[in-house]
Amino acid sequence: MEYTTVVLPVAVTAAAETPDDVRGENALAVVLPVAAAAAAANLATAFVVSAVASASETTTDTTQVHKDVGGDDSIGVQHFKTVHQNQHQQGALESIMASTRVSLERATCIESLDQLITKLSTMSDRSSGISPGFDCIGNALPWNQIGVFPQYETLDSVNATRGIIPLPSPESALELFELIKFAWQTRLDYEACNTTESYCSCIGNWRPNQNILKQICNQVLEQVMAREASACLRAQPDITRMWNEAYSHDTCPLPDTMDCLYIDSLIRLLTNETYLDSYIQAALAATSTIDVSICYLFYTDPKAKYILLDLLPYVAARGVKVRVLFELAIIESQCLQMPLDTSSIDREAPLHLPEGSPPYARGAKQFRSATELVREFFNLTSGMNIEARYWFARDKACGYRIKNHGKCHIFDGNSKKNGKVIAGGSNVAPRLGSLDTDFVIQGEIAGMYSAYFDSMWTAMTPNDGGLAGSISENEEKKECEDEQLFITCNKGQWESVMEPDTITGHKSKILFLPSTPSSSGEDVILRCVLGAINSASESIYMCMGHFNVSEAVSQAFKQATDRGVKVYVISNSFHSCDLRTGQLDLIRSLKRMLTVAPKVQLFVAAVKDGKVPPFLHSKYLVVDSRWACSGSWNMWMRSAFYEMEAEVFVQSESFAADLEGKFTRECEQFCIPVKIVDECNQFLPKGCAICEGFGPFFDV
C-alpha cells in the first residue's frame, strides 16, 4: 500500500514526531493511503479530516469569523433587530405549546390534537421564526460560512441574544402536528383492525409498558429532523456505489500509520452506577473551566437536571468558567412535544449523591419539556460565570441541517496533567435502564477535546456587531442569593473543593478524532475503523447502538473472517432501540452482511427467556484485544452525511479487555444468536414512513 502525507486544515498542534509531519500553524499532517485522498475527492472537493490536538500548544483563530460591525445597517445590528422582531411570535408559539394539553389517551388524543392544530392555524403570522426549523434548504435568511468549518453555514440570529430559545415558525409546527396526527390515526386503525399483518412493526410492536402514542411522536420528529439530508442523498445518482467504493481497502489507514498522533493518557470505563460520582468529583476538582457539549436532553432525568441546575451553577459560582453548547434541533423538537400530557407516564428514579456533593435542590423541580429545563437553566445562571450557545449549522453545498451528536464534558481542558474528559454514548448522563459505554480520561488528551470544543464555540459566535450574549428585554442580571446552593458566590479567590486527583485508569495511548459530516460523505472515523478491521489478525468485537452495515464494512468482515479472524457483532432490534427510523436499513444490512460474510457471529438484542432487553446504546469496537474505539459515533450512514461525532481510539490491552468483558456479559444476558440470513426476518419491519431509510443505501 502506498502512503502519502496529507495536510489537514484544522486548528491543531504538532502531535507528530518530526518537523516534516507538520505544515503550518493551523494544520495537521497525517500519513494516509494515497488512494484515500483520491476516493474522497470523488465525493468532495478535498479530503478534509477534522482532527485536533493539545490546546496548550494551539490558539483558536478567531479571525476566521468575519465581523461586520459598522453602523446601523451592519449584519450584526440587522440580526439583533430580526431577533427582537420575531420575539413576540416566538413567545406566542411557546405560550401555545405550554398552555395546550394534548392527550395521550386513545379515546381523546385525536380530538385534543385537532384543538392544537386549530390554535396554530389561526395565528396571525405563521411564517416568522428565529430558527428556520428542521428544513433549511432554500431558506432565504442570511447564512454565513463558518471559517472553522468551511463545509458549513450558520445563522447569526440563533445566538444573537442571550436567554432566547430560538424556535421554528408556527407553520413548521403545524405541519409537524399534521404528520403526528396521521401516524396516530394509523396506530388507532391498527388497534381497531382484525387483521394487522399489513401494518409495519413501527406501528404495531411496542413494549407493554411504553406509551405508544408518545413513542410514535418521537419517531415522527426524528424522521422530520433528518428528512432533508436523506432527500438530498436520494437525489444524487449512483451515490451508493460511489460512496462504498470511496471506502475500499486501500483508502483506509492502518492503525500503525497514525501512531505519531496518539498521546499518553489515562482512561477508565464508567458504569451507570459510577458515572455521576466520577462527574461530581471531576467538577468539584476543576479550577478553571468546564465545557459541555450536549445533544439530547432528557427533562425527566434527575442526573441531567442535577448537573445542569445544581452542580454546574455551584462550581461556576466558585469561579470556574462554564460553557454549555446545546444542539438546537433537539431543543426545538422538545418544545414541539411540550403539549403532550406525559404526567401519567413520566417517572423519575431516586438520586443518590456522594458525601460532600452540592445538594439536589433546583434539579428536583419537575418540567414538561427540555425547553422548560433550558429556560430554567438560563434564568438560574443569568449573571453567573456560565455561557450557553446553540449549535446550528447546515451543509453549505446542499443546504440541509447538520446535527451535533458529539457528547463530552471537559474539565480543565488546558491542563496537561489534571485535565479530564467524561464522554461516550450518554448525553448529559446515562439513563436508568439503558446500556451505554462511557469513560473518563485524564491527561493531555483533554486538550484535544478542548481545542475541538473551542472551534465549535467559535463557530457559533455571531457576527453581531458586539451584541452577542445581550440580555433579552425581560431578563435582568442577578446576584446569587441562595446560600445553600452557592456557598462562596464569586467572592474571594477560587479554592477547589477537592484536590486535583489522578483517576484510577489504564495507561494508554489515545487519539481523539471528531468527524465533520457533510454532503461529501467523508467519515474519517469510519475510515480509521475500517483500517483497524483490515489490520485484524485474531478477533473483532463490535457493539453499536445505532447501526447499519455498509457494503464496505461487510466486505471488510468477509476478508477478516477469510483470514481466520473471529468476528463478533452485537446489534439492536426494535426490542432494544428507542429509534425505529433506522431499523429497516439495519436489518436489511445485516442480511447482506451475513450473505457476504456468513462466518460473522451475529447476536441481536431481543426478548430472551421472556425478558425484554434494555435500551442498547453502547458504541465500541475492539480489535485483537489491544486496540479499541468508543465515543458518540454510530456506524450508520448518518455519521457520514448528517451527524457530527467525537470518538477516541485507544491502544491498551487493559481497556480492550474491559470492553470485551462488557460485550460478553451483555451478549449472554440480553442477546440471541442469529446464524443465517432468514433468521433476520423476525426483526425486519414491513416498511413505513417512520422507518423509511436514510438515503438510498439499503433500498431493495
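Quick caveat: nothing in here was measured; it's all calculated off a predicted structure.

Caption draft 1: The overall build of the protein chain, seen in detail. The helix and strand tally for the protein chain stands at 17 helices and 26 strands. A total of 700 residues make up the protein chain; the buried ones form 62% of that total. Of all intrachain contacts in the protein chain linking residues separated by at least 6 positions in sequence, the fraction that spans at least 24 positions is 84%.

Caption draft 2: Representation of helix α11 (residues 370-381). Helix length check: α11 (12 residues) gives 16 Å between terminal C-alpha atoms against 16 Å at 1.5 Å per residue, within 8%. The element α11 is extensively covered by neighbouring structure, given that 9 of its 12 residues are classed as buried. Within α11 the residues assigned to the buried category are Ala370, Thr371, Leu373, Val374, Glu376, Phe377, Phe378, Leu380 and Thr381. Put simply, serine 369 is the residue that caps the front of α11, since its side-chain oxygen is 3.2 Å from the backbone nitrogen of threonine 371. Immediately downstream of α11, the backbone of glycine 383 shows phi near 85 degrees, a positive value.

Caption draft 3: Structural context of the confidence of the model for the protein chain. Within the protein chain, residue pLDDT values average 83, and 81% of them lie at 70 or more. Confidence drops under a pLDDT of 50 for residues 36-84, and excluding neighbours within four residues, the segment shows 115 contacts in the predicted structure. Within the model, the stretch residues 465-496 combines pLDDT values under 50 with 74 contacts to residues more than four positions away or in other chains.

Caption draft 4: Layout of the packing of helix α9 (residues 302-317) against α11. Close contact between α9 and α11 brings their axes to 10 Å; oriented N to C, the two are set at 5 degrees. Compared by their axis directions, α9 and α11 come out roughly parallel. Across the interface between the two elements, Lys305, Leu308, Leu309 and Pro313 of α9 pack against Leu373, Glu376, Phe377, Leu380 and Thr381 of α11. Grouping the amino acids of the contact of α9 with α11 by side-chain chemistry returns 6 nonpolar, 1 polar and 2 charged.

Caption draft 5: The arrangement of the nonpolar core in detail. Residues Trp184 and Phe557 are the most contacted members of the largest nonpolar core, which totals 217 residues. The element contributing the most residues to this core is helix α6 (residues 212-234), with 12 residues. Residues in contact with phenylalanine 557, not counting those within four places in the same chain, are Ile533, Ile540, Met542, Val567, Val569, Met593, Ala597 and Val600.

Caption draft 6: Structural context of the packing of helix α4 (residues 170-192) against α6. One can describe the packing of α4 onto α6 by two numbers: an axis separation of 9 Å at closest approach and a directional angle of 135 degrees. Taken together, α4 and α6 sit at an angle that is classed as oblique. The handedness of the crossing between α4 and α6 comes out as right-handed. On the side of α4, the interface is formed by Glu175, Leu176, Leu179, Ile180, Ala183, Trp184 and Arg187, while α6 contributes Ile212, Leu213, Ile216, Cys217, Val220, Leu221, Val224 and Arg227.

Caption draft 7: Geometry of the side chain of threonine 154. Mapped onto the fold, threonine 154 is located in strand β4 (residues 152-154). Residue classification places threonine 154 among the buried residues on the basis of a relative accessible area of 6%. Looking at threonine 154, its side chain comes within polar contact range of the main-chain oxygen of phenylalanine 392, at 2.6 Å. Not counting the four nearest positions on each side in its chain, threonine 154 is found in contact with Pro142, Trp143, Asn144, Ile146, Phe392, Ala459 and Met460.

Reading the values: the criteria
- All chains use their own residue numbering, which begins from 1 and follows the written sequence.
- Reporting in this predicted model follows two pLDDT cut-offs: at least 70 for local features of residues, and 80 or more for side-chain atom pairs to be given and counted; totals over whole chains, interfaces and linings ignore these cut-offs and use all residues.
- As a convention, hydrogens and water are excluded, and side-chain values are obtained from all of the structure's heavy atoms.
- Helix and strand definitions follow DSSP, with helices as H or I runs of at least four residues and strands as E runs of at least two, each counted in order from the N terminus.
- Only protein chains enter the area calculation, which uses a 1.4 Å probe; residues under 20% of their type maximum are buried, those over 50% are exposed, and those in between are partly exposed.
- Residue contacts are counted whenever heavy atoms from the two residues lie within 4.5 Å of one another.
- By definition here, a helix of n residues has an expected span of 1.5 Å times n minus one.
- Under this definition, polar contacts are N or O atom pairs within 3.5 Å; protein pairs additionally need one hydrogen-donor-capable and one acceptor-capable atom, and for neighbouring residues in sequence, both atoms have to be side-chain atoms.
- What pLDDT conveys is the predictor's confidence in a given residue, as a value from 0 to 100.
- Think of each axis as a best-fit line through the C-alpha atoms, taken over the contacting stretch in the case of a helix, with angles from 0 to 180 degrees between the N-to-C directions.
- Angle categories: roughly parallel below 35 degrees, roughly antiparallel above 145, roughly perpendicular from 65 to 115, and oblique for all the rest.
- Under the convention adopted here, Pro, Cys and the residues Ala, Val, Leu, Ile, Met, Phe, Trp and Tyr are nonpolar, Asp, Glu, Lys and Arg are charged, and Gly plus all remaining residues are polar.
- Residues enter a nonpolar core if they are buried and are Ala, Val, Leu, Ile, Met, Phe, Trp, Tyr or Cys, with the set joined through side-chain atoms within 4.5 Å.
- Rotating anticlockwise by less than a right angle from the far helix to the near helix defines a left-handed crossing, while the corresponding clockwise rotation defines a right-handed one.

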